[in-house]
Amino acid sequence: MVDWFGTGWLGGTYPWVKAAHLVFVIFWMAGLFMLPRFLVYHQETLPGSPEETIWANREERLIAIIMNPAMVAVWALGLALIVNIGASGEWWFRLKFLTVIGLTVYQSWMIRYARALATGRRTASGRTLRLLNEIPGLATIVIVILVIVRPF
């Protein structure tokens, strides 16, 4: 286990890497909360309308400027931290890792759906999109408990 002053290969940069990881988690989660809402509003517009174009542009900017860069940073910094503390064999980490993989798959699905909406394809209902909006919140609860409490 790493102490506050940083042992392991990250040394004294450990708290900085950990802080950066948390900052990018917050950015990523903000996007994961926003994009499903955008998709709901986009889905409710008339196909081919100026409002639909506005929502498609908002979604694309959110994905390109916030979500994708934040997700890459979360993964890179998180992997560096886990290698540094050597917790990959612990159950709390394995469950957290699976949850983060799930959020990554969730983001990929939302991006594909945003692109489908931009071309006029609406395959999910508004109700389904609203229910999917709850996934990031549930994942946040799971991850925070696993990292802070480490029940396993």
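Scroll up for the structure.
Cut-offs applied
- Residues numbered from 1 in each chain as written.
- Predicted model: local features only at pLDDT ≥ 70, side-chain atom pairs only at ≥ 80, totals over all residues.
- Heavy atoms only, no water.
- Helix = DSSP H or I, 4+ residues; strand = E, 2+ residues; numbered from the N terminus.
- Buried < 20%, exposed > 50% of the residue type's maximum accessible area, 1.4 Å probe, protein only.
- Contact = heavy atoms within 4.5 Å.
- Lys, Arg positive; Asp, Glu negative; His and termini not counted.
- Charge placed at Lys NZ, Arg CZ, Asp CG, Glu CD.
- Salt bridge = Lys/Arg side-chain N within 4 Å of Asp/Glu carboxyl O.
- Axes fitted to C-alpha atoms, helices over the stretch in contact; angles between N-to-C directions.
- Parallel < 35°, antiparallel > 145°, perpendicular 65-115°, else oblique.
- Nonpolar A, V, L, I, M, F, W, Y, C, P; charged D, E, K, R; others polar.
- Polar contact = N/O pair within 3.5 Å; in protein donor to acceptor, adjacent residues only side chain to side chain.
- Left-handed = near helix turned anticlockwise from the far one by under 90°.

Colleague: Teacher, can you tell me more about the overall build of the protein chain here?
Modeller: Each helix and strand counted, the protein chain has five helices and zero strands in total. Overall size of the protein chain, expressed as C-alpha extent along the three principal axes, is 55 × 30 × 15 Å. Burial analysis of the protein chain (152 residues in total) assigns 41% to the buried set. Of all intrachain contacts in the protein chain linking residues separated by at least 6 positions in sequence, the fraction that spans at least 24 positions is 78%. Of the side chains in the protein chain, 13 bear a positive and 8 a negative charge, and the two mean positions are spaced by 3 Å.

Colleague: Would you mind going over the pattern of salt bridges with me for this structure?
Modeller: Pairs can form between side chains of opposite charge whenever their charged atoms are close. Applying the stated criterion across every chain yields a total of three salt bridges. Between arginine 122 and glutamate 52 there is a salt bridge, and its shortest N-O distance comes to 3.2 Å. Note that arginine 122 is positioned in the loop between helix 3 (91-118) and helix 4 (126-132) and glutamate 52 in helix 2 (residues 50-85), a separation of 70 residues in sequence. Residue classification places glutamate 52 among the buried residues on the basis of a relative accessible area of 7%. Of the charged contacts, one joins arginine 115 and glutamate 60 as a salt bridge, the two residues approaching to 3.5 Å between their closest N and O atoms. Placement of the pair is arginine 115 in helix 3 and glutamate 60 in helix 2, with a sequence separation of 55 residues. Judged by its relative accessible area of 44%, arginine 115 falls in the partly exposed class.

Colleague: What is the right way to look at the packing of helix 1 (residues 14-43) against helix 5 (residues 135-148) in this model?
Modeller: The angle between the axes and the distance between the axes are what describe a pair of packed helices. Their axes nearest at 9 Å, the elements helix 1 and helix 5 cross at an angle of 150°. On the basis of the axis angle, helix 1 is roughly antiparallel to helix 5. On helix 5, the residues that touch Met29, Leu32 and Phe33 of helix 1 are Pro136, Gly137 and Thr140. Per-class residue counts for the contact of helix 1 with helix 5 are four nonpolar, two polar and no charged.

Colleague: Is there a simple way to explain the side chain of asparagine 84 in this structure?
Modeller: Secondary-structure assignment places asparagine 84 in helix 2. The buried category is assigned to asparagine 84, whose relative accessible area is 9%. Within the local environment of asparagine 84, its side chain forms a polar contact with the backbone nitrogen of leucine 10, the two atoms lying 2.8 Å apart.

Colleague: Is there a simple way to think about the packing of helix 2 against helix 3 in this case?
Modeller: Here helix 2 crosses helix 3 at 160°, and the two axes come no closer than 11 Å. As the angle between them shows, helix 2 and helix 3 are arranged roughly antiparallel. For helix 2 against helix 3, the interelement crossing comes out left-handed. Residues Glu52, Ala56, Glu59, Glu60, Ile63, Met67, Asn68, Met71, Trp75, Leu79 and Ile82 of helix 2 lie in contact with helix 3, whose contacting residues are Phe93, Phe97, Val100, Ile101, Thr104, Gln107, Met110, Ile111, Ala114, Arg115, Leu117 and Ala118. Of the residues contributing to the contact of helix 2 with helix 3, the split by class is 16 nonpolar, three polar and four charged.

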